[in-house]
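# Results of the structural survey
Chain by chain, the residues:
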Amino acid sequence: MSGRFVRSSKYRHVFGRSTRKEQCYDNLRVSANPWDSNLVKVNPKYLSVNWAAGGGGAFAVIPLEERGKFTERIPLFRGHTAAVLDTDWNPFNDDLIASGSDDGKVLLWRVPEGFTLRPDVDADEIQDIAPVGKLSGHPKKIGHVLFNPAAENILSTASGDFTVKIWDIEAGAPKLTLNVGDMVYSQSWSANGSLLVTTSRDKKLRIWDVRQERPAHEAQGHTGAKNSRVVWLGERDRIATTGFSKMSDRQLALWDMRAPAEPINGFKVLDSISGVCMPFWDDGTQCLYLAGRGDGNIRYFELENDKFEYLAEYKSADPQRGIAFMPKRGVNVHENEVARAFKTVSDTYIEPVSFIVPRRAESFQDDIYPPTAGLTPAMGPADWLAGKEAIPPKISLASVYEGQGLKEVTGVQEKPTSTLGAPEPKAESAPKPAEPTLAKKAPEPEPTPVVRPAPSMKEQGASMAAMVNKFSDEEEAEPVVEESSFDEPPKPVEHPACTVESVSPVKASPWHQREESKSQPVSKPSTPPAQTNNRTPASSTPAATTPNASTGFPFPDGTNTAASALHDEIQKLTNIVEPLLNKIQEQKQQIESLTKTIESLEANQEKQIQSLNEKIVALEAKLD
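Rules used in this analysis
Residues numbered from 1 in each chain as written. Predicted model: local features only at pLDDT ≥ 70, side-chain atom pairs only at ≥ 80, totals over all residues. Heavy atoms only, no water. UniProt positions renumbered as here; feature names shortened; annotations may be inferred. Buried < 20%, exposed > 50% of the residue type's maximum accessible area, 1.4 Å probe, protein only. Helix = DSSP H or I, 4+ residues; strand = E, 2+ residues; numbered from the N terminus. Pairing = 2+ DSSP bridges. Contact = heavy atoms within 4.5 Å. Polar contact = N/O pair within 3.5 Å; in protein donor to acceptor, adjacent residues only side chain to side chain. Core = buried A, V, L, I, M, F, W, Y, C linked by side-chain atoms within 4.5 Å.

- Under an unreviewed UniProt entry, the name given to the protein is Coronin, and the organism recorded is Aspergillus leporis.
- We quote the UniProt Sequence similarities (unreviewed entry) comment for the protein here in full: "Belongs to the WD repeat coronin family."
- Under the Subunit (unreviewed entry) heading, UniProt states for the protein: "Binds to F-actin."

## Looking at the pairing of strand β9 (residues 96-101)
- The buried count for β9 comes to 6 of 6 residues, which makes it a mostly enclosed element.
- By the alternation rule, side chains of β9 split into L96, A98 and G100 and I97, S99 and S101, which are all buried.
- Where strand β8 (residues 84-89) lies against β9, 5 bridges are found, and the strand directions are antiparallel. Within β9, the position partnered with W89 by the bridge is I97.
- Pairing between β9 and strand β10 (residues 105-110): 5 bridges, direction antiparallel. For S99, the partnering residue across the bridge sits in β10 and is L107.
- Where β9 folds back onto β10 in an antiparallel hairpin, the turn is made up of 3 residues, including G104, whose phi is positive at roughly 80°.

## Thoughts on the environment of H138
- With respect to the element layout, H138 can be found in the loop between β11 (133-136) and β12 (142-147).
- Sequence separation between H138 and G104 is 34 residues; the distance between their C-alpha atoms is 5.6 Å.
- In contact with H138, not counting residues within four places along its chain, are G104, T157, S159, D161, T163, K165 and W167.
- Only 3.5 Å separates the side chain of H138 from the side chain of S159, close enough to count as a polar contact.

## Some points on the nonpolar core
- Y25 and L47 are the most contacted members of the largest nonpolar core, which totals 33 residues.
- Going through the elements one at a time, β3 (40-42), β4 (46-51), β5 (57-63), β8 and β10 are the ones with two or more residues in this core.
- For this core, the element with the most residues is β5, which contributes 5 residues.
- I298, Y300, Y314 and Y369 belong to the second largest nonpolar core, which has 28 residues in total.

## Some details on the side chain of E235
- Summarising the element assignment, E235 is placed in the loop between β20 (229-232) and β21 (238-244).
- Within the structure, the side chain of E235 is placed 2.4 Å from the side chain of K394, a separation counted as a polar contact.

Structure (structure tokens):
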């Protein structure tokens, strides 16, 4: 045992799985515009792609179920007079999308019902989609559009006029304006929709109290000349940024939004690659994904104790220029998929990449799928503009797993208003609580509407055994016994019969004792019932008993079946682990033997050298 500590985590073995080319979205013309945006956005129904279109700007919307190679002519979303730079889906309506363009306009679109890229008409008869609304107010290009995650129909747009405007798209007019003073590189909303964080060309990180139209905090960000990105870490009061140092090293930083003068634990150097790192936060797993622009790798970290713990890296020879991550309600819970990315490849097709927790289980894994954001907003635009702060209701992914659709398990969670300690606050007529907006996360009630059967002990044991087999090679390669080398199986909700007394053979039921007295030899009274394979005569079994499938013991109405199954699975697991321990012990003995051999050879070599030295001295004496 080397004594090396191994951090316990459910996501230590998450791996990325690529998709075959025929299952990708092929024959696309992804925009080659040099503007630094993600190029693609996704929701559980559609994928939007900035399109390389002539005669104005356009983007494509791809239904996710329509995979394969598309024809040269597909229906596009046209309306801009210059290249589309960014798009964003409405978080509360999967059919609504906003786009920002080099023409300084924001257009609003609705995906038609039954929309398809393979209409049953001739190519010349394919009709493009027209916008349903237009927002005018920026005199220069609009590089970023982003919907508020808590309030309905609130949209922020960052422009080349060095401002960020906040729009009420129902009214079709800008309501607030944030004067950044330089080109905005990226923006991200807080979970309750009250704060907005931006990075800009002047290398400043600003946290905006949006409805006061002023920055609550301003700090020096990454000092490199290249672009930096920012993402708010869900309902936490933490922010993550990626950027560059003065020496052009890629960096990652974690910030406390209450005191962002310096990043927590400083700037962490990632590598020296020149492409921008695009960050994506998964609030359910508390994991941060970093996708390099211009390389094919996606590395991911888990946030624990204010530190990003490296998990693994998905590597690919196909570089990406743009990437998008699916909202949590759209992942495949039946395959233990915790995240799904859509990356552009060679500007001609988009490849889905699934990130999966390696478990073999036939029930819903509630420990890796906490409640997540649904389709219900926390407030309307009028309430948000009036100062309300709240977290939208959450849904249970268990209902998605069981095919029952989206079911809410929490209500709207009110969040107190806070000044965030901003400098020189203006006098206000109504007092406000002193706590920061996102300093503490409100406790979430347990998801009660969905009742599902708990996984059996046999299923848990099978899952543990499968994980040991999967990672047995790693344990043989180094003489370290890692307590957490495989994922813990999901804990059962209830097992009233699974107690210490029920597992012990001494506390067995009278049915156990009766069977022992009939079938076990006298010379082995200590053998547990679970280790014998007895058959109970039909005449001695009461009518109310049910046999245990793994041991053959009958139990009245299934009593103690869970205890016996647990005993069997523990024994199976012990049988698997013991050979591994024996191999490790053998390797340790071999290492000790090799060490002794090396020491013996070194001693012999020293003696030979000493003998040669003596002969040389003797020869020199004779020559003299």
